[in-house]
Every structure is written in structure tokens, then in C-alpha cells.
Amino acid sequence: MRIDIITIFPEMFEGPFDHSIVKRAKEKKLVEINLHQLRDYTKDKHKKVDDYAFSGGAGMVMMIEPIVACIEELQKERDYDQIIYTSPDGELFNQPMANSLSLLNNVIILCGHYKGIDERIREHIITKEISIGNYVLSGGELAAAVITDGLVRLIPGVIGNEVSALSDSFQNNMVAPPVYTKPREFQGWKVPDILLSGNQHKIEEWKYEQSVKRTEERRPEMME
Ligand code: SAH
């Protein structure tokens, strides 16, 4: 899979993509993540990519031309399955969406800033708008990092033991059961006996029951 991220702050991605699972996925060549500095695509001599809103009021708006120039440049090389814009009013990011995005070959993620991007880009060029939650961030970079991490770990081969990703929360409309490790007892706090019983069938049953119970308690809407 190839992910092209368009941003005015490419440095913001140095941390999230250089460690852990995303780093491993890049090393294994299962994903290629390319960062594009939007300012490289403006003809303005001061590298300006935003301007005042026609509606007046506070806040700048990201201009059409540099964004279109960058996307067109990328499209000369390959077709894109989705051109995503990170936006607070977009479709809420969730596990089914991560699953389906992880199956795509080429994806662009455009990060907004300031008041957002000129609406005409959303109307004519963007094919999918994603929000990571009902709150407003300063820019789309953290959202793009969340989306990228969420889907890269699902690409087949990225996580060693694939059962691991499939048994995470939300994969079957339930949250995950609790997990424990050594020691068996800490200051009188014990690991549930069943997990030490060695009876795999009973353990699976227990895990399932715990998932159902937790989902009912914490995400009742998912049980419907
Ligand atoms: N004026 C806009 C907010 C702009 S915030 C509004 O009221 O809707 C600046 C940029 O941050 C946005 O263009 C978007 O790319 C990004 N952003 C902010 N909150 C986000 C969220 N919850 N999910 C995804 N992207 C977000």
C-alpha cells in the first residue's frame, strides 16, 4: 500500500511513523508513506498557501491552486483509490473503515490547517472525508497519523501473529476482554483462576463472556 500525505508540517510525522508497527511495516515494504510539503507547490514567492476568507471574519483558508497542483502531480504517476481530507465534520473513523481502507493500493491524505480548505476542493476533488472525533484539532496532521496507524497495522503481514489484530476491540462489534501477565499475584491482586487452568476451551468461553459484558457496560450501542 502507498499513502501520500499532503501537509504544511511534514516534520510532525517524524515521530509517529518512525517507531513500532508502522516503522516495521515500512521496513518490510508492506507500506510506503510519502510526505509532500504543500508549500513546494505554490507559485507564490513567499510560499503562501492560504488567504483571507471571502466571508470575512477571523482565520485563513487554504487555497485551491497548490493543493490541486500537488494532487495532479501525484496522479500523473498512478491512480488513487481514495483522496481523503481530514475534517471534523467528516465520516467518523472507526474499525470497519480502517479495515476497508487497509485493502486499498494508493491513498492520498490531505491535512487541512487554519479555517480549513476552500470548499471547492472538497466538492470536486476529495473522494472521502474522515473525522477522528467530534472535536477540533489545529490541523489534520495528528488525524492523518491516527488514520495511517489504524490502517497500516491491518495490512496483511504487518502484525506477526495476524490473530492479534483480529482479536482487538471492535473487530467483531465487541470490545476486547481484559488481559493479564506475570506475576500471578501482586499485593494480593490475583489473576482470574480460569486463565491459569490450562483449559483452552473454558478460557475462550470466559474471554467471550468478558467481551460481551464489557461491551454491554461500555459500548451498549454496539450490541444493538
Ligand atoms: N474551521 C473548521 C476547523 C478547522 S481545524 C471547522 O470548524 O470545522 C483545521 C484543520 O484541522 C481542518 O481543516 C482539518 O484538516 C483538521 N482537523 C481538525 N479537527 C479534526 C478532526 N476532528 N478530525 C480530522 N481532522 C481534523
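Residue numbers restart at each chain and count upward from 1, following the sequence in its written direction. Confidence filtering applies because this is a predicted model: local features only for residues at pLDDT of at least 70, side-chain atom pairs given and counted only at 80 or more, and all residues used for totals across whole chains, interfaces and linings. To get the side-chain values, all heavy atoms of the structure are used, and hydrogens and water are removed first.

**Topic: the site of the ligand**
Let me state the cut-off plainly: For this purpose, a residue is taken to be near a molecule or strand whenever a single non-hydrogen atom of the residue falls within 4 Å of it. The term polar contact refers here to a pair of N or O atoms within 3.5 Å; inside protein, the definition further demands a hydrogen-donor-capable atom paired with an acceptor-capable atom, and it admits residues adjacent in sequence only when both atoms are side-chain atoms. The protein chains shown are the only cover counted for residues, whose accessible areas, like all others here, come from Shrake-Rupley with a 1.4 Å probe. Labels follow the DSSP assignment, with helices taken as runs of H or I lasting at least four residues and strands as runs of E lasting at least two, numbered in each case from the N terminus. Each residue is assigned to one class: nonpolar for Ala, Val, Leu, Ile, Met, Phe, Trp, Tyr, Cys and Pro, charged for Asp, Glu, Lys and Arg, and polar for all the others, Gly among them.
Taken together, 20 residues sit near the ligand, with Tyr85, Thr86, Gly112, Tyr135 and Leu137 positioned nearest. A distance of 2.7 Å separates an oxygen atom of the ligand from a polar side-chain atom of Tyr85. Take Tyr135: an N or O atom from its main chain is 2.8 Å from a nitrogen atom of the ligand. Relative to its unbound accessible area of 560 Å², the ligand is 84% covered by the protein chains. Residue assignment for the shell around the ligand shows that the elements contributing at least two residues are strand 5 (82–92) and strand 7 (128–131). In terms of residues, the shell around the ligand owes the most to one element, strand 5, which gives 4 residues. Looking at the shell around the ligand residue by residue, the classes come out as 9 nonpolar, 10 polar and 1 charged.

**Some thoughts on the packing of aromatic side chains**
Where we set the bar: Any Phe, Tyr or Trp ring, taking Trp's six-membered ring, that has another such ring centre within 6.5 Å forms a pair; planes under 30 degrees apart are called stacked, those over 60 apart edge-to-face, and the others tilted. Accessible area is worked out with a 1.4 Å probe on protein chains only. A residue is then buried under 20% of its type maximum, exposed over 50%, and partly exposed in between.
Evaluated as defined, the whole model comprises 2 aromatic pairs. Taking 5.4 Å as the distance between ring centres and 25° as the angle between the ring planes, the aromatic pair formed by Phe13 and Phe17 counts as stacked. With relative accessibility at 2%, the residue Phe13 sits in the buried group. Phe17 gets classed as buried once you look at its relative accessible area, which sits at 3%.

**So, the pattern of salt bridges**
Test applied: Salt bridge criterion: a side-chain nitrogen from Lys or Arg within 4 Å of a carboxyl oxygen from Asp or Glu.
Going through the model one piece at a time under the given rule, you end up with 14 salt bridges. Note that Glu32 is salt-bridged to Arg2, the shortest N-O span being 3.2 Å. In this pair, Glu32 sits in strand 2 (residues 32–37) while Arg2 sits in strand 1 (residues 2–7), placing the two residues 30 residues apart along the sequence. Connected through shared salt-bridge partners, Asp89, Glu119, Arg122 and Glu129 make up one network.

**Some points on the sheet that holds strand 6 (residues 106–110)**
Within a sheet, neighbouring strands are paired by backbone hydrogen bonds and run either parallel or antiparallel to one another. Going by this rule: By this definition, two strands are paired if DSSP reports at least two bridges between them. Convention adopted: a line fitted to C-alpha atoms gives each axis, helices being fitted over their contacting stretch, and angles between N-to-C directions are expressed from 0 to 180 degrees. Contact definition: two residues touch when any of their heavy atoms are within 4.5 Å.
With parallel pairing, the 5 strands of this open sheet are ordered in space as 2-1-6-5-7. The strands lining the two open edges of the sheet, one partner per strand, are strand 2 and strand 7. Each strand axis lies, on average, 30° off the axis of its neighbour in the sheet, ignoring direction. The pairing of strand 5 with strand 6 spans 4 bridges and is classified as parallel. Across the sheet, the residue bridging to Ile84 is Ile109, located in strand 6. In this fold helix 5 (residues 141–152) packs onto strand 1, strand 2, strand 5, strand 6 and strand 7, with an angle of close to 175° to the strand it touches most, strand 1.

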